[in-house]
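The primary structure of each chain is shown beneath.
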Amino acid sequence: MEIDICWSLLTANVKPFDLNLCYSKKDNFMLKLPVYLDNNATTPMDQRVLDAMIPYFVEHFGNAASRNHPFGWEAEEAVDYAREQVAKLIGADPKEIIFTSGATEGDNLGIKGVYEMYAGKGNHIITCTTEHKAVLDTCKHIEKLGGEVTYLEVQEDGLIDLKELEAAIKPTTILIAIMYANNEIGVIQPVKEISTLAKKHGVLFFTDGTQAVGKIPVDVQKDGIDIMAFTGHKMYGPKGVGALYVRRKNPRVKVTAQMDGGGHERGMRSGTLNVPGIVGFGKACEICRLDMEKDTAHIKALRDKLETELLKIEESYLNGNKEHRLPHVCNISFKYVEGEGLMMGFNKNIAVSSGSACTSASLEPSYVLKALGLGDDLAHSSLRFGLSRFTTEEQIDYTIEQITNTVNKLREMSPLWEMFKEGVDINAIEWAHH
Amino acid sequence: MAYSEKVLDHYTNPQNVGTLDKSSKNVGTGLVGAPECGDVMRLQIEVDEATGVIKDAKFKTFGCGSAIASSSLATEWLKGKSVEDALKIDNMEIVEELNLPPVKIHCSVLAEDAIKAAINDYRVKQGMNQLVFEERIH
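The structure displayed is predicted, hence computed values, not measured ones.

Draft legend 1. Fine view of the packing of helix α4 (residues 103-117) of chain A against helix α5 (residues 133-144) of chain A. Residue and element names in this part refer to chain A. The interhelical angle for the contact between α4 and α5, taken along N-to-C directions, is 30°, at an axis separation of 9 Å. Accordingly, the angle class assigned to the pair α4 and α5 is roughly parallel. In the packing of α4 onto α5, the handedness of the crossing is right-handed. Between α4, through T104, D107, N108, I111, K112 and Y115, and α5, the contact on the second element is made entirely by A134, V135, T138, H141 and I142. Counted by class, the contact of α4 with α5 contains 5 nonpolar, 4 polar and 2 charged residues.

Draft legend 2. Seen up close, the sheet that holds strand β12 (residues 329-334) of chain A. All names here are of chain A. Read across the sheet, 4 strands follow the order β11-β12-β15-β14 without closing on themselves; strand pairing throughout is antiparallel. Each edge of the sheet is formed by a strand with only one pairing partner; in this case those strands are β11 (316-318) and β14 (353-354). Inspection of the sheet shows β14 paired to strand β15 (residues 382-386) by 2 bridges, in the antiparallel sense. Note that in β15 the partner of S353 across the bridge is R384. Strands in contact with helix α9 (residues 275-310) are β11, β12 and β15; relative to β12, the strand with the most contacts, it is inclined by about 10°.

Draft legend 3. Spotlight on the packing of aromatic side chains. All names here are of chain A. Enumeration over the complete set of coordinates arrives at 7 aromatic pairs over all chains. An angle of 55° between the planes, with centres 5.9 Å apart, marks the rings of F230 and F281 as tilted. Here F281 lies in helix α9 and F230 lies in strand β9 (residues 227-231), a separation of 51 residues in the sequence. In this structure F230 comes out as buried when scored by relative accessible area, which is 0%. Ring geometry for Y236 and F390: centres 5.6 Å apart, planes at 90°, overall edge-to-face. Of the two residues, Y236 is situated in the loop between β9 and β10 (242-246) and F390 in the loop between β15 and α13 (393-412); the sequence distance between them amounts to 154 residues. Take F390: its relative accessible area is 39%, and that puts it in the partly exposed class. Grouped by ring-pair contacts, the aromatic residues F99, F230 and F281 constitute a single cluster. Its end group placed over the ring of Y367, K133 keeps NZ or CZ at 4.3 Å from the ring centre.

Draft legend 4. Inspection of the side chain of S70 of chain B at higher detail. All names here are of chain B. You can see S70 is positioned in helix α2 (residues 65-78). There is a polar contact of 2.8 Å between the side chain of S70 and the backbone oxygen of S66. Once you skip the residues sitting within four places of it in the chain, S70 turns out to touch I94, L98, L100, C107, S108 and A111.

Draft legend 5. Seen up close, the interface of chain A and chain B. Across the boundary between the two partners, chain A contributes 33 residues, which contact 33 residues of chain B. With both sides pooled, the region where chain A packs onto chain B buries about 3000 Å², and carbon together with sulfur makes up 67% of that total. At the boundary of chain A with chain B, the tally comes to 3 salt bridges. When the shortest N-O distance is used, the salt bridge between K104 of chain B and E340 of chain A registers 3.0 Å. In this assembly, chain A and chain B are joined by 13 residue pairs in polar contact (both at pLDDT 80 or more). Contributions of two or more residues to the side of chain A that touches chain B are made by α10 (339-344), α12 (376-380), α13 and α14 (415-421) of chain A. Considering only residue class, the side of chain A that touches chain B consists of 15 nonpolar, 10 polar and 8 charged.

Draft legend 6. Geometry of helix α1 (residues 5-12) of chain B. Every buried residue belonging to α1 of chain B is among V7, L8, H10, Y11 and T12 of chain B, and all of these are buried. In this structure, the buried side of α1 of chain B is in contact with α10 and α13 of chain A together with α2 and α4 (91-98) of chain B.

Draft legend 7. Inspection of the environment of I119 of chain B at higher detail. All names here are of chain B. Within the fold, I119 resides in helix α5 (residues 105-125). Judged by its relative accessible area of 1%, I119 is buried. Separated by 73 residues in the primary sequence, I119 and E46 have C-alpha atoms spaced 9.8 Å apart. In this structure I119 touches I45, V83, A86 and L87, once residues within four positions along its chain are discounted.

About the thresholds
- Residues numbered from 1 in each chain as written.
- Chains lettered and ligands numbered in written order.
- Predicted model: local features only at pLDDT ≥ 70, side-chain atom pairs only at ≥ 80, totals over all residues.
- Heavy atoms only, no water.
- Axes fitted to C-alpha atoms, helices over the stretch in contact; angles between N-to-C directions.
- Helix = DSSP H or I, 4+ residues; strand = E, 2+ residues; numbered from the N terminus.
- Parallel < 35°, antiparallel > 145°, perpendicular 65-115°, else oblique.
- Left-handed = near helix turned anticlockwise from the far one by under 90°.
- Contact = heavy atoms within 4.5 Å.
- Nonpolar A, V, L, I, M, F, W, Y, C, P; charged D, E, K, R; others polar.
- Pairing = 2+ DSSP bridges.
- Phe/Tyr/Trp six-rings, centres within 6.5 Å; stacked < 30°, edge-to-face > 60°.
- Buried < 20%, exposed > 50% of the residue type's maximum accessible area, 1.4 Å probe, protein only.
- Lys NZ or Arg CZ within 6 Å of the ring centre and 35° of its normal.
- Polar contact = N/O pair within 3.5 Å; in protein donor to acceptor, adjacent residues only side chain to side chain.
- Buried area = accessible area lost by both parts, 1.4 Å probe.
- Salt bridge = Lys/Arg side-chain N within 4 Å of Asp/Glu carboxyl O.

Interpretation in functional terms is not warranted from these geometric data alone.
Here's what the structure looks like:
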C-alpha cells in the first residue's frame with residue numbers, strides 16, 4: 001500500500017514534499033531522492049576523503065610551517081604526502097604544486113601572476129569566450145591595468161580554431177589561457193595542439209583544469225602545460241582547497257604572488273597551509289588516479305544512456321562537440337520549453353542546472369551556449385547533467401522518465417510548441433522585446 | 001530560490017490551459033514576450049458580445065514557473081469579469097497573490113500586457129479603437 005502511494009505521488013508530479021526514501025513499484029528498487037546530477041557545480045565528498053582528513057583537525061593540528069617540533073613535522077609530512085598525490089595525478093613533480101584555496105584563486109594567481117612577472121616581455125594575453133568567469137573577469141581586470149586581451153570565438157561545437165589562435169599570437173603575447181574542458185558543455189579543447197603552438201612562439205600556456213583533472217587523464221608533460229589551476233571539490237574532495245601547477249623545467253615558470261605574507265609555497269602563495277583540506281585533496285587525487293578507469297567506464301555508460309534516451313525526445317539537441325567531451329557531462333536543449341520552468345517540474349527530486357537565467361535581472365541566458373551560436377531560445381531551453389562515480393542506473397532511469405514527462409507536459413502548455421506543430425515560422429513573428 | 005505555494009499550485013495544476021478559436025469575432029488573443037527573453041505568453045478571452053462579460057479564458061505560456069502561474073491566475077481572474085473590469089487588473093495584484101519575488105515581477109507585467117493585448121484584439125474585431133496604454137519599463 002505504502003509503495004503504491006509513494007509511486008503514484010512521484011509520477012503524478014504532485015506538490016513536492018519532504019521525500020527521503022521512496023520505493024518504486026516498477027523496478028522494485030530503492031531510490032533515494034533527491035537525485036544529484038549537478039556534479040559540475042560540485043561533487044559529493046568521498047567518505048574515504050573525509051576519513052583521511054579527520055585526524056588533521058583535532059589530533060594533528062600542527063602548522064606545517066612549524067619546523068622545530070613534532071606537531072609541525074606531522075603536519076608537514078601529511079602535506080608532503082598530499083602534494084605527491086596531487087602531483088602524481090597530473091604527471092607533475094611535487095615541487096611544482098602550489099596549494100591554493102581553489103580554482104578561482106588559481107586562475108587569478110596563474111594569469112595575474114604571469115602578467116606581472118613577464119611584464120618586461122609583453123602585455124598581451126589570448127583567451128576564449130567560453131572560459132569560466134574566474135578567467136574572463138581576471139582578464140578584464142588585466143585590461144583595466146593596461147594589458148591587452150584577445151578573446152577567441154569558439155566554433156559551433158565549442159572548440160577553438162587553432163588557426164585563429166596562431167594568428168592571434170603577437171610579439172607582445174606572453175600567455176595563452178585556454179581551459180582544458182568547459183564547465184557547461186564538457187567540451188575538451190585540443191590542449192596538446194595549443195601547447196605546441198605556444199611553445200613554437202615562445203608563449204606560456206595556462207589552462208583551467210577544474211573540470212578535467214580527476215575525470216580524464218591529464219598529464220602536464222604530455223599535454224605541454226606550463227600552468228594549470230584545479231580544485232578539490234570537483235573531484236570528490238573538500239571545498240576551499242585547490243592547486244596551481246607551475247612548471248619548473250623547460251621552461252622554468254614563475255608567477256608573482258598575489259598575496260603578501262610569510263612566503264609559503266615557494267613564495268608564490270603565502271598563508272598558513274590548510275592541512276586537513278590539503279590532506280583531503282591529496283586523498284581525492286589518489287582515489288581519482290587509482291579508480292579513473294573504473295569510474296570513467298561506469299559514468300560514461302550511464303551518461304550515454306541518459307543522453308541517448310533524452311535525445312529521443314522530439315526537438316531536443318545536444319550542445320557542444322559530442323566526441324571531444326568529458327565522460328560525465330551532457331548539455332541538452334529541449335526546444336520550445338524554458339529551462340527554469342522545466343527544472344521546476346522535478347527540481348525537488350532531481351538536481352541539474354539550466355542555461356536559462358530567468359532568475360537574474362538581465363534575463364540573459366548562458367554566455368557559453370550563446371558563444372556556440374545557439375539562439376537565445378535554445379539557450380533558454382537547456383539543461384546540464386553532470387554525473388559522478390556515485391550515480392546509479394536507477395537514478396538515471398528515474399531522471400529519463402521525469403524529464404521526458406515534464407518536457408511533454410510543458411510543451412502542451414507552450415504556445416511556441418503549438419506554433420511549431422502548426423508549421424508557423426516562429427522566427428518570422430515580430431516579437432515585442434522587453 | 002524557493003517558489004511560493006501558490007506558484008507551485010498553479011504550476012502543478014495550471015488552470016485554463018488551451019486554445020480558443022482565434023478567428024472567431026468574439027475571441028481576443030494577446031501574444032506577448034519573446035522566445036529570446038525566455039518568456040512567451042498567449043492569453044485568449046471569449047466575450048459574450050451581448051453583455052461584454054468574459055465567458056472563457058485560456059492560456060499557453062513558454063517560460064518559468066512564475067510566468068506559467070501568472071498566466072494561469074490571470075485566466076482565472078478574467079472569467080466572469082466584464083471587459084471593462086478586466087482592464088483594471090494590475091500586475092501588482094498578481095505579484096501579491098502569488099508572492100512573486102522582485103526578480104519575477106516581469107512575469108506579472110507580461111500577464112497584464114497579455115490581458116491588454118487580448119482585449120485590444122477583441123476591440124479591433126468588434127470595430128472599436130485600440131486602447132493606448134502607457135509604455136512601461138520592464
